[in-house]
Amino acid sequence: MTRAIAIDFTKMHGLGNDFIVVDCRQGIPAPPGEMARIMCPRRTAVGADGLIAICPSGRAAIRMRIFNADGSEAEMCGNGIRCAALYAAGLGITDAADFDIETKAGLRHVWLLGADRVSADMGMCAVSPAESLAVDGFGAVEVMAASTGNPHCVTFVDDVAAAPVDTLGPRLERHARWPEGANVEFVATAGPGRLDVRVWERGVGETDACGTGACAAALAAATAGRGSIPCEVRLPGGTLAIDRSPSGSLLLTGPVAIVYQATYHLQHET
């Protein structure tokens, strides 16, 4: 049996990394993975890189659940959490200029820096030494594994414009090194304190920007002696700033925007 569910949503983005944001504080209108799979396709639905469910939390102002376009749930999303922060402030859930958001990766603190700019503490991120992976069609590929709340694979290139993002990206995403899949960053040093990055996101494909990916790229570059922190990370959709907090966690700062609000009539099989 099929029934129509009216889902009110807000379309938001951070540097073109776009999300469908649904207020689920009074209950989830449909399984969020299903909402993501049905609503995220471009041209035939709303179109987005992922769906954010805003849920109640007993530990923070809100709880954010983030779902990739394929319906899989991610642990963390840098641009997503910054969108969630602006959304929460817009709903009046909190009137504070800074507050905590609960995520699958733990509590994260956010700061509203104006009407369209948000900073987020991404936690204590980690990176492993360089290793060589055998990849079908590419031979040995040198990568660095990083964790910024979700798994990342960083590989350095001379020119991101010429990087094989759409061919090597999916192979590294699904490599046995990461049983649950990884986000893949192609990184080039663009000058002192500046990196150029393209990202192949797990469960999505190439995106205009990726906040956790920018953090992974900055941390890997600093560890490998190819960059430093603080730095600017230039992505196809724009620039994100990466810095360190006094405790050593990474801080991610950049613009976010509300695009529009609408209602989607989802056909749900019961």
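Residues numbered from 1 in each chain as written. Predicted model: local features only at pLDDT ≥ 70, side-chain atom pairs only at ≥ 80, totals over all residues. Heavy atoms only, no water.

### Concerning the side chain of threonine 253
Turning to step 1, where the next piece is worked out: Within the secondary structure layout, threonine 253 lies in strand β18 (residues 250–255).
Turning to step 2, where the next piece is worked out: Within polar-contact distance, the side chain of threonine 253 engages the side chain of serine 119 at 2.9 Å.
Turning to step 3, where the next piece is worked out: Beyond its immediate chain neighbours, meaning those up to four positions away, threonine 253 contacts Leu113, Arg117, Val118, Ser119, Leu240 and Ala241. (Helix = DSSP H or I, 4+ residues; strand = E, 2+ residues; numbered from the N terminus. Polar contact = N/O pair within 3.5 Å; in protein donor to acceptor, adjacent residues only side chain to side chain. Contact = heavy atoms within 4.5 Å.)

### Details of the packing of aromatic side chains
Turning to step 1, where the next piece is worked out: Taken as a whole, this structure holds one aromatic pair when the rule is applied.
Turning to step 2, where the next piece is worked out: For the pair phenylalanine 9 and tyrosine 260, a centre-to-centre distance of 6.0 Å together with 75 degrees between the ring planes defines the contact as edge-to-face. Taken together, the residues phenylalanine 9 in strand β1 (residues 2–14) and tyrosine 260 in strand β19 (residues 257–269) connect sequence positions 251 residues apart.
Turning to step 3, where the next piece is worked out: Phenylalanine 9 gets classed as buried once you look at its relative accessible area, which sits at 5%.
Turning to step 4, where the next piece is worked out: One residue, arginine 226, lies across the ring of phenylalanine 156, its end atom 4.4 Å from the ring centre. (Phe/Tyr/Trp six-rings, centres within 6.5 Å; stacked < 30°, edge-to-face > 60°. Buried < 20%, exposed > 50% of the residue type's maximum accessible area, 1.4 Å probe, protein only. Lys NZ or Arg CZ within 6 Å of the ring centre and 35° of its normal.)

### Concerning the pairing of strand β13 (residues 183–191)
Turning to step 1, where the next piece is worked out: With five bridges connecting them, strand β12 (residues 151–156) and β13 associate as parallel partners. Pairing of cysteine 153 across the sheet is with valine 184, part of β13.
Turning to step 2, where the next piece is worked out: The parallel pair β12 and β13, bridged by helix α3 (residues 165–173), forms a crossover whose chirality is right-handed.
Turning to step 3, where the next piece is worked out: Pairing of β13 with strand β14 (residues 194–201), which is carried by seven bridges, proceeds in the antiparallel orientation. Within β14, the position partnered with valine 187 by the bridge is valine 197. (Pairing = 2+ DSSP bridges. Right-handed = clockwise from strand over helix to strand, strands pointing away.)

### Regarding the nonpolar core
Turning to step 1, where the next piece is worked out: The biggest cluster of nonpolar side chains holds 53 residues, and the ones touching the most others in it are Ile101, Val233 and Ile242.
Turning to step 2, where the next piece is worked out: In this structure, Val22, Ala36, Val46 and Leu266 belong to the second largest nonpolar core, which totals 19 residues. (Core = buried A, V, L, I, M, F, W, Y, C linked by side-chain atoms within 4.5 Å.)

### Concerning the pattern of salt bridges
Turning to step 1, where the next piece is worked out: If you walk through the whole model with that rule in mind, you get 11 salt bridges.
Turning to step 2, where the next piece is worked out: Across the pair arginine 25 and aspartate 23 runs a salt bridge whose closest N-O atoms are separated by 2.8 Å.
Turning to step 3, where the next piece is worked out: By relative accessible area, which is 28% here, aspartate 23 ends up partly exposed.
Turning to step 4, where the next piece is worked out: Residue arginine 59 pairs with glutamate 102 through a salt bridge whose shortest N-O separation is 3.6 Å. Linking arginine 59 in the loop between β3 (50–55) and β4 (62–68) with glutamate 102 in strand β6 (residues 98–103), this pair joins segments that are 43 residues apart in sequence.
Turning to step 5, where the next piece is worked out: A relative accessible area of 15% places glutamate 102 in the buried class. (Salt bridge = Lys/Arg side-chain N within 4 Å of Asp/Glu carboxyl O.)

### Observations regarding the pairing of β18
Turning to step 1, where the next piece is worked out: Among the six residues that make up β18, five are buried, leaving the element largely enclosed by the rest of the structure.
Turning to step 2, where the next piece is worked out: Of the strand pairs in this sheet, strand β8 (residues 117–121) and β18 are connected by five bridges, and their pairing is antiparallel. Each residue of the ladder has a partner; that of aspartate 121, found in β18, is leucine 251.
Turning to step 3, where the next piece is worked out: Of the strand pairs in this sheet, strand β17 (residues 238–244) and β18 are connected by four bridges, and their pairing is antiparallel. Within β18, the position partnered with isoleucine 242 by the bridge is leucine 252.
Turning to step 4, where the next piece is worked out: Once β17 ends, the chain turns through five residues before running back antiparallel as β18, passing glycine 248 with a positive phi of about 100 degrees.

So far we have only geometry, and geometry alone does not tell us how the molecule works.
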